[in-house]
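# Coordinate inspection notes
Residue-level listing of the chains:
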Amino acid sequence: MILPNIVVWCAQVFNPQLYGYAIGNVVSRERASRFNVGEGSALTLDMPYQARGAMMSALICVIIGPWRNFTKVHRRSLYKTLEILKAHIPRALVNVMSTPNIPDIVKCINNLPLACEATHIFACHYIARRKHDPQQLQDLSKAMRKVQEIDEEVANLQEFQSDDFAVVYQPLMRNWYTPTNRKGNTDYRYFGPDCFHLSQLGHAAVANMLWNNMLQPVGAKDDSFHPKAFEVFECPSEERPYLATRGNSGKI
């Protein structure tokens, strides 16, 4: 379960031909990827290229891995990406999501299987090799917070807000923490076999949180982690029948 599932399932009531999410384990250049232009191991510099591949989308989510986002490069790349989207896609809503603060999460993980330990060192060595050094983890955490601040700053620029185009910063991942079970150990049900990427359960929790963020007014969005998927599910109301943007959220 991911956000496109929620959106498409609701919208297909009105248009059964509507589609958007990938229908297979494919890369973005394959037809089955449809409007999913995300790629594993993508860099912040790849975002403008990916934006050009999303020209037919009306709802776009932007998120990029945290350990490769050097602040000046990231700000420039995110700005360029939003410029491309605004110039070429009318009537679009763009969600900018910060990735979780991985160094903070790493500090809390326990009982990590050996197979996952090896995977983490290979796939994310910059953080994995420093997890036993509190000072280095703290420095990395501060850098990640700076990247999150840049995401919010750029998304809130007035030039990306108009009557037919809006960029909204969604803070759902900002304070993500490691889910735990009743014994206080890391709950690996939320992670895939590599104990790193999300499982189906983890994706469902994130999709639920993102959907809720999209309906919550700017300035009053929930940035808490809710691991229980669909325990809370926001719905449009008569007072607020639209997805929330800076333009329709009232005084901010």
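Quantities reported herein were computed from a predicted structural model and do not represent experimental measurements.

Within the fold, Val 218 resides in the segment after helix 8 (200–215). What makes Val 218 buried here is its relative accessible area of 13%. Sequence spacing of Val 218 and Gly 250 is 32 residues, and the spatial spacing of their C-alpha atoms is 8.5 Å.

Okay, helix 7 (residues 134–155) next. With 22 residues, helix 7 should reach 32 Å at 1.5 Å per residue; the first-to-last C-alpha distance of 32 Å fits that figure. By the burial criterion, the buried members of helix 7 are Leu 137, Leu 140, Ser 141, Met 144, Val 147, Gln 148, Ile 150, Asp 151, Val 154 and Ala 155.

Pairing within the open sheet is parallel, and its three strands lie in the order 1-2-3. The open sheet is flanked by strand 1 (59–62) and strand 3 (165–170), the only strands paired with a single partner. Averaged over neighbouring strand pairs, the angle between their axes works out to 20 degrees when direction is ignored. Each of strand 1, strand 2 (92–97) and strand 3 touches helix 8; the most contacted strand, strand 2, lies at about 125 degrees to it.

Before going further, it helps to spend a moment on the environment of Leu 201. Summarising the element assignment, Leu 201 is placed in helix 8. For the pair Leu 201 and Lys 228, spaced 27 residues apart in sequence, the C-alpha to C-alpha distance is 8.8 Å. In this structure Leu 201 touches Arg 189 and Tyr 190, once residues within four positions along its chain are discounted.

Following the criterion strictly, the structure yields six aromatic pairs and no others. Ring geometry for Trp 211 and Phe 233: centres 5.8 Å apart, planes at 15 degrees, overall stacked. Here the residue Trp 211 occupies a position in helix 8, and Phe 233 occupies one in the segment after helix 8, the gap between them amounting to 22 residues. Taking relative accessible area as the criterion, Phe 233 reaches 36% and is therefore assigned partly exposed. Seen from their ring centres, Phe 230 and Phe 233 are 5.8 Å apart, and the 40 degrees between their planes marks the pair as tilted. Among the residues examined, Phe 230 registers a relative accessible area of 35% and is labelled partly exposed.

A separate point is the pairing of strand 1. Here strand 1 shows a clear split, with Ile 60 and Val 62 buried on one side and none of Leu 59 and Cys 61 buried on the other. In this sheet, strand 2 lies alongside strand 1 in parallel orientation, the contact comprising four bridges. In the sheet register, Val 62 faces strand 2, and the bridge partner there is Val 96.

Before going further, it helps to spend a moment on the pairing of strand 2. Of all six residues that make up strand 2, six are buried, and the element is covered over most of its length. In strand 2, alternate side chains face the same way, and those of Ala 92, Val 94 and Val 96 on one face and Leu 93, Asn 95 and Met 97 on the other are all buried.

With that out of the way, let us pick up unusual backbone geometry. You will see that Cys 195, though not glycine, has its phi angle at about 55 degrees, which is positive. Turning to its location among the elements, Cys 195 is positioned in the loop between strand 3 and helix 8. A positive phi is found at Phe 230, a non-glycine position, where the angle reads about 65 degrees. With respect to the element layout, Phe 230 can be found in the segment after helix 8.

The next thing to look at is the pattern of salt bridges. Per the stated rule, a full pass over the model turns up six salt bridges. With a closest N to O distance of 3.2 Å, Arg 174 and Glu 152 form a salt bridge. Here Arg 174, found in the loop between strand 3 and helix 8, pairs with Glu 152, found in helix 7; they are 22 residues apart in sequence, far enough to count as distant. Residue Glu 152 is classed as partly exposed on the basis of its relative accessible area of 30%. A salt bridge links Arg 189 to Asp 187; the shortest N-O distance between them is 2.8 Å. Using a relative accessible area of 54% as the deciding quantity, one classes Arg 189 as exposed. Each of Asp 104, Lys 107 and Arg 145 takes part in salt bridges that share partners, so that together they form one network.

Analysis parameters
- Residues numbered from 1 in each chain as written.
- Predicted model: local features only at pLDDT ≥ 70, side-chain atom pairs only at ≥ 80, totals over all residues.
- Heavy atoms only, no water.
- Helix = DSSP H or I, 4+ residues; strand = E, 2+ residues; numbered from the N terminus.
- Buried < 20%, exposed > 50% of the residue type's maximum accessible area, 1.4 Å probe, protein only.
- Expected span 1.5 Å × (residues − 1).
- Pairing = 2+ DSSP bridges.
- Axes fitted to C-alpha atoms, helices over the stretch in contact; angles between N-to-C directions.
- Contact = heavy atoms within 4.5 Å.
- Phe/Tyr/Trp six-rings, centres within 6.5 Å; stacked < 30°, edge-to-face > 60°.
- Salt bridge = Lys/Arg side-chain N within 4 Å of Asp/Glu carboxyl O.

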